[in-house]
2 protein chains.
Amino acid sequence: MNSYTEENYLKALFNLANETGEVNVNELSKWLEIKMPTVTSMMKKLAEKKLVHYESYKPLRLTEKGKKEAGLVIRKHRLTEMFLVNKMNFGWEDVHDIAEQIEHIQSPVFFEKMDELLGYPKIDPHGSPIPDSNGKMIWKVYEKLSDCKVGETVKLLAVINTSSNFLKFLNSRELQLGLKIKIKSIEAFDKSMVVSYSKRQNESLSQLVTERLLVEKDK
Amino acid sequence: MNSYTEENYLKALFNLANETGEVNVNELSKWLEIKMPTVTSMMKKLAEKKLVHYESYKPLRLTEKGKKEAGLVIRKHRLTEMFLVNKMNFGWEDVHDIAEQIEHIQSPVFFEKMDELLGYPKIDPHGSPIPDSNGKMIWKVYEKLSDCKVGETVKLLAVINTSSNFLKFLNSRELQLGLKIKIKSIEAFDKSMVVSYSKRQNESLSQLVTERLLVEKDK
DNA sequence: ATATTTTGTTAGTCTAATCTAACATTATAT
DNA sequence: ATATAATGTTAGATTAGACTAACAAAATAT
């Protein structure tokens, strides 16, 4: 069994991993807002438990066991977010902090029940995949809205940033998952986009926004 | 803000308090399965925080502030049990351990939402009162079934012990809150009762059981 | 009334998870 | 190629919450 704290490190390692699965001590330290020496010592502990590959001065990498256990924490987090939104009527902007706590509840049946009541969902309210009960997660390859071209019509399928402020901003523009968005123009100097969707015509979105919106070309 | 551990001590003090609101260090120690010296030092800490009246060698007593905060933890616990039973289809025998964890979630809106979805319940699935949002709890005065007399018909309104084993036993006899129970006879030598309720005629219940069932005389 | 048992406290140790200060290694820039 | 900056580690301190051993006070029994 991993402690509350260990679960948080595992989750962070999973979420921060680059293409090769590597994370630096410094990145992890900044992400968790925990000083580097503390991170180093926790990495040694997790290495003892065969959850992390650790060698001095080398980047960190989760072991297979570590990936699985991290995946299971993320599963609990995302099932919780889905439950809060679909069964308890919370807005998607309000679920992150609660899920950060509930993800550490030790009770397999509790999360199995959530899963069942939700009808075994595959994605969470922000469009992120929910790992299966073995901790395995399949990421669909989405495109950033910021990488799309003028004239294209795309479907909004996920958001990268799940901070309350960003999601409240999306709410204020009535931007939600599933929407079809048409790109009318792109400003050359700041990469901001003018787009149309549902009843909104010619809304302007800054690059900070468009690169956090994940889309699929409309077929 | 009280820590997870502090919340558990407060709750225990509340639950163990006798008529005069007093609890001994020893009782508390046994209840929590934490050694006496640890309890003593925690009591000093809670006294610092004005949550407990503490004097060397004297019984412990929650302050008004302490009672309120303990009541709020119990509120979170009982709302959670109610939610698990009524909204997530758990049996009343399976909710205690999960509620022990969820009661420590720090998120007022989370519990407000539960309360709202449940329709502001006044009692939990075991018949215990749910404290209000100021931590105030009103205990109805029930009678123990074991104190009732032959010939009386009573209504089962609460159970004292909420251990999974006891509740599973009640399930196996189809005993549930709200039932009308008629006392047919009482064995003199072991105080066991023969009772009838719903479709069950002449069920025998040991004193260990009858003194854990809280009832009201049928009017 | 005194001895014994039970209850409660003090003093000091331990572990998990954090920190700072100082030092070591690796990466970057001139 | 070397100086500087960034990153990472070691050593030692701190805090919360637990423990044991030893002692002290209160309750109980003879």
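1. Side note on the packing of aromatic side chains
Right, so step 1: For the structure shown, the criterion picks out 5 aromatic pairs over all chains.
Right, so step 2: With 5.1 Å between their ring centres and 70° between their planes, Phe110(B) and Phe111(B) make a pair best called edge-to-face.
Right, so step 3: By relative accessible area, Phe110(B) is classed as buried at 3%.
Right, so step 4: A cation over an aromatic ring shows up here: Lys113(A) above the ring of Phe90(B), its NZ or CZ 5.1 Å from the ring centre.

2. Looking at the nonpolar core
Right, so step 1: Within the largest apolar cluster, 51 residues are counted, with the highest numbers of intra-cluster contacts made by Ile102(A), Phe110(A), Leu170(A), Leu213(A), Ile102(B) and Phe110(B).
Right, so step 2: In terms of residue count, the dominant contributor to this core is helix H4 (residues 64-86) of chain A (5 residues).
Right, so step 3: Aside from chain neighbours lying at most four places away, what touches Leu170(A) is Trp92(A), Val159(A), Leu175(A), Val209(A) and Leu213(A).
Right, so step 4: Leu170(B), Leu175(B), Ile181(B) and Tyr197(B) belong to the second-largest nonpolar core, a separate cluster that totals 20 residues.

3. Points about the protein's contact with DNA strand D
Right, so step 1: Taken together, 21 residues surround DNA strand D, and among them Asn26(A), Lys44(A), Tyr54(A), Ser3(B) and Lys45(B) come closest.
Right, so step 2: In the environment of DNA strand D, a phosphate oxygen lies 2.8 Å from a nitrogen or oxygen atom belonging to the side chain of Thr40(A).
Right, so step 3: Between DNA strand D and Ser3(B) there is a distance of 2.7 Å, counted from a phosphate oxygen to a side-chain nitrogen or oxygen.
Right, so step 4: Counting residues per element, the ones that place at least two in the surface near DNA strand D are helix H2 (25-32) and helix H3 (36-48) of chain A together with helix H1 (4-16) and helix H3 (36-48) of chain B.
Right, so step 5: For the surface near DNA strand D, a count of residues per class yields 10 nonpolar, 7 polar and 4 charged.

4. A word on the protein's contact with DNA strand C
Right, so step 1: Taken together, 22 residues surround DNA strand C, and among them Ser3(A), Lys45(A), Asn26(B), Lys44(B) and Tyr54(B) come closest.
Right, so step 2: For DNA strand C, a phosphate oxygen lies 3.0 Å from a polar atom in the side chain of Thr38(A).
Right, so step 3: Between a phosphate oxygen of DNA strand C and a main-chain N or O atom of Tyr57(B), the distance comes to 3.1 Å.
Right, so step 4: Listing elements by their share of the surface near DNA strand C, those giving two or more residues are helix H1 (4-16) and H3 of chain A together with helix H2 (25-32) and H3 of chain B.
Right, so step 5: Residue contributions to the surface near DNA strand C peak at 5 residues, all from H3(A).
Right, so step 6: Taken together, the residues that form the surface near DNA strand C break down as 10 nonpolar, 8 polar and 4 charged.

5. A few points about the pattern of salt bridges
Residues and elements named next belong to chain A.
Right, so step 1: All told, the structure shown has 30 salt bridges over all chains when counted by the stated rule.
Right, so step 2: For Glu203, the salt bridge goes to Arg173, with nearest N and O atoms at 3.8 Å. Taken as a pair, Glu203 in strand S8 (residues 200-205) and Arg173 in the loop between helix H7 (164-172) and strand S6 (180-186) lie far apart in primary sequence, 30 residues in all.
Right, so step 3: When its relative accessible area of 26% is taken as the criterion, Arg173 is described as partly exposed.
Right, so step 4: In this structure, a network of salt bridges that share partners links the residues Arg173, Glu174, Arg200 and Glu203.

6. Remarks on the sheet that holds strand S2 (residues 52-53) of chain A
Right, so step 1: Pairing in this open sheet of 3 strands is antiparallel, and the strands run S1-S3-S2 (chain A) from one edge to the other. Whereas interior strands pair on both sides, the edge strands pair on one side only; in this sheet they are strand S1 (22-23) and S2 of chain A.

Procedures and definitions
- Residues numbered from 1 in each chain as written.
- Chains lettered and ligands numbered in written order.
- Predicted model: local features only at pLDDT ≥ 70, side-chain atom pairs only at ≥ 80, totals over all residues.
- Heavy atoms only, no water.
- Phe/Tyr/Trp six-rings, centres within 6.5 Å; stacked < 30°, edge-to-face > 60°.
- Buried < 20%, exposed > 50% of the residue type's maximum accessible area, 1.4 Å probe, protein only.
- Lys NZ or Arg CZ within 6 Å of the ring centre and 35° of its normal.
- Core = buried A, V, L, I, M, F, W, Y, C linked by side-chain atoms within 4.5 Å.
- Helix = DSSP H or I, 4+ residues; strand = E, 2+ residues; numbered from the N terminus.
- Contact = heavy atoms within 4.5 Å.
- Near = heavy atom within 4 Å.
- Polar contact = N/O pair within 3.5 Å; in protein donor to acceptor, adjacent residues only side chain to side chain.
- Nonpolar A, V, L, I, M, F, W, Y, C, P; charged D, E, K, R; others polar.
- Salt bridge = Lys/Arg side-chain N within 4 Å of Asp/Glu carboxyl O.
- Pairing = 2+ DSSP bridges.

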